[in-house]
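Residue-level structure breakdown
Spelled out from the first residue to the last, the chains are:
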Amino acid sequence: MFRSFFLNRAWAVWSWLGMAVIVGGTWYQVEVDVQINEWFGGFYDMVQKALGEPGSISLDEFYGFLFTFARIAGIYIVIAVLLSFFTKHWVFRWRQAMNNFYMENWQKLRHIEGASQRVQEDTRRFATIMESLGSSLLDSLMTLIAFLPILWELSKPIKELPGIGEVEHALVYVAVIFALFGTAVLAAVGIKLPGLEFNNQKVEASYRKELVYGEDDAARADPPTVQELFHHVRKNYFRLFFHYMYFDVAKWSYLQFGVLVPYIALAPTIVAGALTLGVMQQIVRAFGRVESSFQFLVRSWGTIVELISVYKRLRAFEAEIYKDDPRDELARQQV
């Protein structure tokens, strides 16, 4: 999964240089988002002034702020589109490297149940998941690096938390603690999901394989066999649906309550009138960015579960290639 792309000279330019382009593009995208956050502060302060002192803001000044946002947002859109386009090509090259490696060793792999599915479908799913999950992880890390210092500075005036009292840089601690709490809770609630997803792929592969045999052999895919195989598919899906149900209850309850957290933390400061509307918007937006970055596992747990199941299937698949190599730790672990 990894050595065929990152440790292969034929793919060195695409793997390492391409990754550098993605990291650089993501960082620039986050920096533009920082500029948008600063714009919100100035814009809402202007709105507050205009509403409180009629005639204090001219129409040209108002439109000037909107034009500035349009310029920044335009840059953000261009970078986002180009980065997404390049990332899709980069990830497909990764899939191509995996596909080439597996086909070079096809004679060792062809007897494994569902071998064709793993080469065609699992590599596709692996590439797709890595594109979405990897991009989200990189964006979360870059956002955290950019916005954590901003939130640290913006939280200086926030001297008091409800029910706790005075805490220096309170909002940073609130964001970190709340995100870590949610991550721990949801990881515990969803602990059974990776195994169920892995089993789901196994029963689906068995069912698909029998149907493929039935296309060429009239004696295969008879009703009793197909019914039994589909019963296993149905049983595993229903178990999966049940476990996802209570996981989703916990996930969405946590995320919806999280919308109120910055306002609860700011309540004493807002009531005391110690903030302008613009500064409050900057704080809430920066808090949301930091909190969302720390909540990467919470928001991506379903995708992570799917990646774990695909990874386990491909890792066991690769173990067959290296099973005769005593130096390979992977083979010792899996065979």
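Residues numbered from 1 in each chain as written. Predicted model: local features only at pLDDT ≥ 70, side-chain atom pairs only at ≥ 80, totals over all residues. Heavy atoms only, no water.

- In the annotation of an unreviewed UniProt entry, the chain is listed under the name Peptide antibiotic transporter SbmA and assigned to Pacificispira spongiicola.

Here's the deal with the environment of Ser136
- Along the chain, the position of Ser136 falls in helix α5 (residues 115–154).
- Here Ser136 falls in the partly exposed class, since its relative accessible area comes to 34%.
- As a C-alpha pair, Ser136 and Ser300 span 164 residues in sequence and 8.5 Å in three-dimensional space. (Helix = DSSP H or I, 4+ residues; strand = E, 2+ residues; numbered from the N terminus. Buried < 20%, exposed > 50% of the residue type's maximum accessible area, 1.4 Å probe, protein only.)

Observations regarding the UniProt feature "transmembrane region" (unreviewed entry) in the chain
- Mapped onto the present numbering, the UniProt feature "transmembrane region" (unreviewed entry) falls at residues 12–30, 62–86, 133–152, 172–191 and 260–280.
- Between the C-alpha atoms that bound residues 12–30 there is a distance of 27 Å. The span itself is 100% helix and 0% strand. (UniProt positions renumbered as here; feature names shortened; annotations may be inferred.)

Section: the packing of α5 against helix α11 (residues 296–322)
- At a closest axis distance of 9 Å, the pairing of α5 and α11 adopts a crossing angle of 150 degrees. Handedness of the crossing formed by α5 with α11: left-handed.
- In terms of residue class, the contact of α5 with α11 is made up of 14 nonpolar, six polar and five charged. (Axes fitted to C-alpha atoms, helices over the stretch in contact; angles between N-to-C directions. Left-handed = near helix turned anticlockwise from the far one by under 90°. Nonpolar A, V, L, I, M, F, W, Y, C, P; charged D, E, K, R; others polar.)

Considering the nonpolar core
- Tyr102, Phe126, Leu171 and Leu266 are the most contacted members of the largest nonpolar core, which totals 67 residues.
- At 13 residues, α5 tops the list of elements feeding residues into this core.
- Counting contributing residues, this core receives three or more from each of domain 1 (1–157 + 299–323) and domain 2 (168–274).
- Apart from the residues within four sequence positions on either side, Phe126 is in contact with Met1, Phe2, Trp94, Met98, Leu307, Val310 and Leu314. (Core = buried A, V, L, I, M, F, W, Y, C linked by side-chain atoms within 4.5 Å. Domains from an automatic or database assignment. Contact = heavy atoms within 4.5 Å.)

As for a nonpolar patch on the surface
- Side chains of Leu59, Phe62, Tyr63 and Leu66 sit close together on the surface and give an oily, nonpolar patch of about 380 Å² of accessible area.
- Looking at where Leu59 falls in the secondary structure, it is placed in helix α3 (residues 59–104). (Patch = residues over 30% accessible without salt bridge, like charges linked within 9 Å, V, L, I, M, F, W, Y side chains within 5 Å. Areas by Shrake-Rupley, 256 points an atom, 1.4 Å probe, with all protein chains shown as cover. Salt bridge = Lys/Arg side-chain N within 4 Å of Asp/Glu carboxyl O.)

Focus: the side chain of Asp33
- In this structure, Asp33 sits in helix α2 (residues 12–52).
- Within the local environment of Asp33, its side chain forms a polar contact with the side chain of Arg285, the two groups lying 3.1 Å apart.
- At 2.8 Å, the side chain of Asp33 and the side chain of Arg289 are in polar contact.
- Ignoring anything within four residues of it in the chain, the contact list for Asp33 reads Tyr76, Phe147, Arg285 and Arg289. (Polar contact = N/O pair within 3.5 Å; in protein donor to acceptor, adjacent residues only side chain to side chain.)

Section: the domain arrangement of the chain
- When cut into domains, the chain gives domain 1 (1–157 + 299–323) and domain 2 (168–274).
- Facing the 20 residues of domain 1 at the interface are 22 residues of domain 2.
- Taking both partners together, domain 1 and domain 2 bury about 2000 Å²; carbon and sulfur atoms supply 64% of that area.
- Across the contact surface, domain 1 and domain 2 share zero salt bridges.
- Looking at the side of domain 1 that touches domain 2, the elements that each hand over two or more residues are α5 and α11.
- Considering every element that reaches the side of domain 1 that touches domain 2, the biggest residue donor is α11, with ten residues.
- A breakdown of the residues in the side of domain 1 that touches domain 2 according to their chemical character gives seven nonpolar, four polar and nine charged. (Buried area = accessible area lost by both parts, 1.4 Å probe.)

Thoughts on the packing of helix α6 (residues 170–189) against helix α8 (residues 223–258)
- Contact pair α6 / α8: the axes reach a minimum separation of 9 Å and the direction vectors enclose 170 degrees. By the angle class used here, α6 and α8 are roughly antiparallel. Across from Phe178, Ala179, Gly182, Leu186 and Val189 in α6, the residues of α8 making contact are Tyr246, Phe247, Ala250, Lys251, Tyr254, Phe257 and Gly258. (Parallel < 35°, antiparallel > 145°, perpendicular 65-115°, else oblique.)

With respect to the environment of Tyr263
- Within the secondary structure layout, Tyr263 lies in helix α9 (residues 261–271).
- Judged by relative accessible area, Tyr263 falls into the partly exposed class, the value being 36%.
- Sequence-distant contacts of Tyr263, that is, excluding residues within four places in its chain, are made with Met280 and Val284.

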